[in-house]
Amino acid sequence: MRPRHPIAPPAETGAPRRRRRAALSLVAVATLGAGLVAAVPAQAAPTSIDILGINDFHGRIAQEASPVAGAAVMAGFIDQFRTTHPNTSFVSSGDNIGASTFTSFIQEDKPALDALNAMDLDVSALGNHEFDRGQDDLNGRVTEASDFPYLGANVFRADGSHAYDPYFVKDVGGVRVGYIGAITELMPELVSPSGIAGLTFGDIVDSVNDVADDLSDGDAANGEADVLVLLVHEGNSSGTALDAGGDFARIATDVSPKVDAILSGHTHQSYNFSVVPTGGTTPRPVVQTGSYGANLSHLAITFDADTKATTVTSELLPLYQKATPDPEVATIVSDAVAVAAVEGAKKVGEITADFPRAVQSDGTENRGGESTLGNFVADVQLEATVGNGSQMAFMNPGGLRADLRYASTGASDPAGNLTFAEAAAVQPFANTLVVVDMTGAQIEQALEQQWQPAGSSRPFLKLGVSKGLSYTYDPAAASGERIRTITLNGTELDRAASYKVTVNSFLSSGGDNFTAFNTGSAADSGKVDLQAQVDYFTVPAGSPARVATPDFTQRSVGVTATPSPEAGFAAGDTVTLSLSSLLFSSQVGPETGTVAVSLDGVELASQPIDRTVVDKGDETGRATLSFAVPAGVTAPTAGPVVRQLRVTVAGTGTVVDVPVVLAAAEPVVVDPTPAPTDPAVPAPGAGAGTGAGTGTGAGTGTSTRPTRVTAAGDLAYTGSDAAMTGLALALTLMLAGAGVVTATRLRRRRTASVGTTD
């Protein structure tokens, strides 16, 4: 038999309520001194009460685009509802704060808590974001600012006692409603381990059922209630149907039938299910409102004091522009907006040039193009999560809502100055940063998913990638076969190995059809994307401001190369490379006009780059290079050899190594392994090919080291021009496909990542 944790009646916590109704005191009298109260005549009719609920509010106090209604409208709706339904309780299933927008975030979410206090929030389950800054912050600052208790029936100290109140009984119109709170069991994966040291997060079903038994056993010493409602910060994975299995399906079905309704959260889904619990016969509501105050859940409950029968119906109530804003809460919001405006003008850091998004030919945003901004944000988010073990980061283009501009906006904002407000405008969604465990194959799949499903409004969405990660692709290849090489810090990604990858919470849930990021193995870092950017520029007092400079090196490159003959290219054969994405569409860096290809330092061809902007994709900066294979640089032994052609884009730092297979030469005249050291004495037969072509290829230039090609049947590059053991097998793979680009950085710079805390 599993051990049962003793349950003590919880003490009411939080500051005195401003608008506390007298009903709260009645439950204390009824619970502690039921025998001293005169008998109440039997009720002539069942009592009707109502419960309104929210989940995952995340400090969204200001009205945003539909469906985010804002706190003032939410409060106005609740005011209006209470006018016609006086026996109403207002509750939350957790994550009231954390991952907030700038208006609340800049004051550590005090405006959000003030607004919920003004709405008379009765009780809240704990959410993982309540622990963003650790249990000490929750037990101190957060609790002290909240006029309501936080519940966690499955949160225990090392000695087995409850770390937080497991339940809260509220008298609603004479009906004792017992709220039981619980939080996701995955907390050790979602927050910093140091923030929950000494706590364990037990089985939700077992913990809730223990409390439900106590609240319905007739023993006033351990609490009693007429109606039981579970507030649980865990949820269904979709809004369409109850999960077929897993943690939440077990909660929905195996929580005791003594619990009359379940108000859930955490997964930001909207649903209103009806589920018959195990051991029960009557379906009960299982509800979640979505997130950000878009909806309220509504439980309409009828309780018969004579028969103890309870009936519950449920619905979701949309809030956007559905009520007149409550004046008190509207003032809280407007005051917070004013503070945010002042704080938003403060300096965060400095930039040396614009960090723009990619653009279309008409100057509008192109979410299909690589951008200095997208890559920079990925760099920032990787630095913020290296302490969580992250090795790379990706940023979705739709999460970038404004450019970072170098120009001055006025006397208080000189050129190059980066303010809080400017940083917040880039990433206004306050997504959390999530570290996902992914295999190399899953990372490759995510990159393939940049090509969106047929019928999508945008056919291609370009992910920003962090420095050190680079990949090549063939834009002419078939769907699912475009990605060629992927390297991390110069080493090819092992498709079978596991890596830790940082993405925002939108991508981790499979947003924008990037389902590969939704692996089911993710840890919430406890950091918000905006806070990560602020932390990136934060330096010790008295130190110079941190300065950010755009990196104009492409981190992905597309190349379509002439397919290699079975025996490799012979001297005099023509090789053609169709290149693209050699430049950013919004290029603001060094001026450049040419791309060249060389072998052993000897230029073989060069061509002007076509700078025409290509809409809806990442093909801006195109050129076609053709050259004849020089004599005397082929195989050192009988058989073909892999050589590296170097493609260089002048002035940007973009260098691309393109592996080609060259045929055997008889007799062998040169060992090509060492590079020539004297430009005046080239290898025998070296010469420049005649460059031809006007730039019609597709792809993007990237800086990577030579890598082994594994996808699409290409040759595994050995990293050396000399013959070595296993070359025959590698050549067999190479002969099955086209040449693949491996991008390398002309100037490899390793930037030490520094972990930050929220």
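Residues numbered from 1 in each chain as written. Predicted model: local features only at pLDDT ≥ 70, side-chain atom pairs only at ≥ 80, totals over all residues. Heavy atoms only, no water.

## Comments concerning the overall build of the protein
Within the protein, the secondary structure is distributed over 15 helices and 33 strands. The buried share of the protein, taken over its 758 residues, is 56%. Considering only contacts in the protein between residues 6 or more positions apart, those separated by 24 or more positions represent 76%. (Helix = DSSP H or I, 4+ residues; strand = E, 2+ residues; numbered from the N terminus. Buried < 20%, exposed > 50% of the residue type's maximum accessible area, 1.4 Å probe, protein only. Contact = heavy atoms within 4.5 Å.)

## A short note on the side chain of Thr372
Tracing the backbone shows Thr372 in helix α10 (residues 372-385). Here Thr372 falls in the buried class, since its relative accessible area comes to 6%. When near neighbours in sequence (up to four residues on either side) are disregarded, Thr372 contacts Asp354, Phe355, Pro356, Pro550, Asp551, Phe552 and Phe584.

## Comments concerning the confidence of the model for the protein
In this model, the protein carries a mean pLDDT of 83, and residues with pLDDT of at least 70 account for 80%. Across residues 11-39, where pLDDT falls below 50, the model places 46 contacts with residues more than four positions away in sequence or in other chains. A low-confidence stretch, residues 673-758 stays under pLDDT 50, and its non-local contacts, those more than four residues away or across chains, total 253 contacts. (pLDDT = per-residue confidence, 0-100.)

## Here we look at helix α12 (residues 440-448)
Of all the positions in α12, only Gly440, Ile443, Glu444, Ala446, Leu447 and Glu448 are classed as buried. Tucked into the core, α12 has its buried residues touching β16 (392-395), β18 (432-439), β20 (469-473), β21 (483-488) and β23 (498-504).

## Comments concerning the nonpolar core
Nonpolar side chains tend to gather and get buried jointly when the protein is soluble and globular. With 48 residues, the main nonpolar core has Met74, Phe90, Met119, Phe131, Leu296 and Val329 as its most contacted residues. Taken together, the elements giving at least two residues each to this core come down to β1 (47-54), α2 (71-84), α4 (110-118), α5 (135-144), α6 (187-190) and α9 (327-344). With eight residues, the top contributor of residues to this core is α2. Not counting chain neighbours up to four residues away, the residues in contact with Met74 comprise Ile54, Phe57, Phe90, Met119, Gly293, Leu296 and Leu319. Among the nonpolar cores identified, the runner-up in size contains 30 residues, and Ala384, Phe420, Leu433 and Leu530 belong to it. (Core = buried A, V, L, I, M, F, W, Y, C linked by side-chain atoms within 4.5 Å.)

## Description of unusual backbone geometry
Residue Pro67 is reached from Ser66 by a cis peptide bond, and omega for that bond is 15°. In this structure, Pro67 sits in the loop between β1 and α2. Within the chain, Asp512 stands out as a residue other than glycine whose phi angle is a positive 60°. In this structure, Asp512 sits in the loop between α13 (505-508) and β24 (522-528). Take Asp512: its relative accessible area is 27%, and that puts it in the partly exposed class. Not every positive phi belongs to a glycine, and Asp600 is a case in point at roughly 55°. Within the secondary structure layout, Asp600 lies in the loop between β28 (594-599) and β29 (602-608). On the basis of relative accessible area, Asp600 is assigned to the partly exposed category, the value being 27%.

## Re α4
Within α4, seven of the nine residues are buried, which leaves it mostly tucked inside the rest of the structure. Among the residues making up α4, those that are buried are Pro111, Ala112, Leu113, Ala115, Leu116, Asn117 and Ala118. Phi turns positive one or two residues past the end of α4, at Asp120, with a value near 60°.

## Some details on the sheet that holds strand β7 (residues 175-183)
Pairing is mixed across the open sheet formed by six strands, whose spatial order is β6-β7-β9-β10-β12-β11. Each edge of the open sheet carries a strand with a single partner, namely β6 (167-172) and β11 (270-275). Strand-to-strand, the axes of this sheet are offset by a mean angle of 20°, without reference to chain direction. Set on the sheet, helix α7 (residues 204-214) makes contact with β6, β7 and β9 (227-233); between it and β7 the angle comes to about 160°. Contacts from helix α8 (residues 247-254) reach β9, β10 (261-264), β11 and β12 (284-289), with the element oriented near 140° to β12. (Pairing = 2+ DSSP bridges. Axes fitted to C-alpha atoms, helices over the stretch in contact; angles between N-to-C directions.)

## A few points about the packing of α4 against α9
Relative orientation of the contacting elements α4 and α9 amounts to 175°, with a least axis distance of 9 Å. Between α4 and α9, the crossing angle belongs to the class labelled roughly antiparallel. Touching Pro111, Asp114, Ala115 and Ala118 of α4 are Glu328, Val329, Ile332 and Ala336, all from α9. For the contact of α4 with α9, a count of residues per class yields six nonpolar, no polar and two charged. (Parallel < 35°, antiparallel > 145°, perpendicular 65-115°, else oblique. Nonpolar A, V, L, I, M, F, W, Y, C, P; charged D, E, K, R; others polar.)

## Some remarks on the sheet that holds β18
Backbone-to-backbone hydrogen bonds join strands into a sheet, with any given pair of strands oriented parallel or antiparallel. One open sheet holds the five strands; their spatial order is β19-β16-β23-β18-β24, and the pairing between them is mixed. The open sheet is flanked by β19 (464-465) and β24, the only strands paired with a single partner. Relative to β23, β18 is paired through seven bridges, and the arrangement is antiparallel. Considered in β23, the bridge of Asp437 is made with Lys500. Strands β16, β18, β19, β23 and β24 of the sheet are contacted by α10, whose axis makes an angle of about 135° with β16. The strands touched by helix α14 (residues 529-537) within the sheet are β18 and β24, with β24 carrying the most contacts at an inclination of about 60°.

## Some words on the pairing of β7
Of all nine residues in β7, eight are buried; the element is thus mostly enclosed. Examined bridge by bridge, β6 and β7 share six bridges and lie antiparallel to one another. Paired with Tyr167 across the bridge in β7 is Ile180. Counted between consecutive antiparallel strands, the loop separating β6 from β7 contains two residues, among which Gly173 sits at a positive phi close to 60°.

## Some remarks on the pairing of β18
Counting buried residues along β18, six of its eight residues qualify, which places the element largely inside the surrounding structure. As paired elements, β18 and β24 share four bridges and run antiparallel to each other. Paired with Val436 across the strands is Ala522, a residue of β24.

## Focus on the packing of aromatic side chains
Enumeration over the complete set of coordinates arrives at 16 aromatic pairs. On the basis of an interplanar angle of 50° and a centroid distance of 5.5 Å, the ring pair of Phe394 and Phe517 is categorised as tilted. Residue Phe394 is located in strand β16, and its partner Phe517 is located in the loop between α13 and β24; the two are separated by 123 residues in the primary sequence. Here Phe517 falls in the buried class, since its relative accessible area comes to 1%. (Phe/Tyr/Trp six-rings, centres within 6.5 Å; stacked < 30°, edge-to-face > 60°.)

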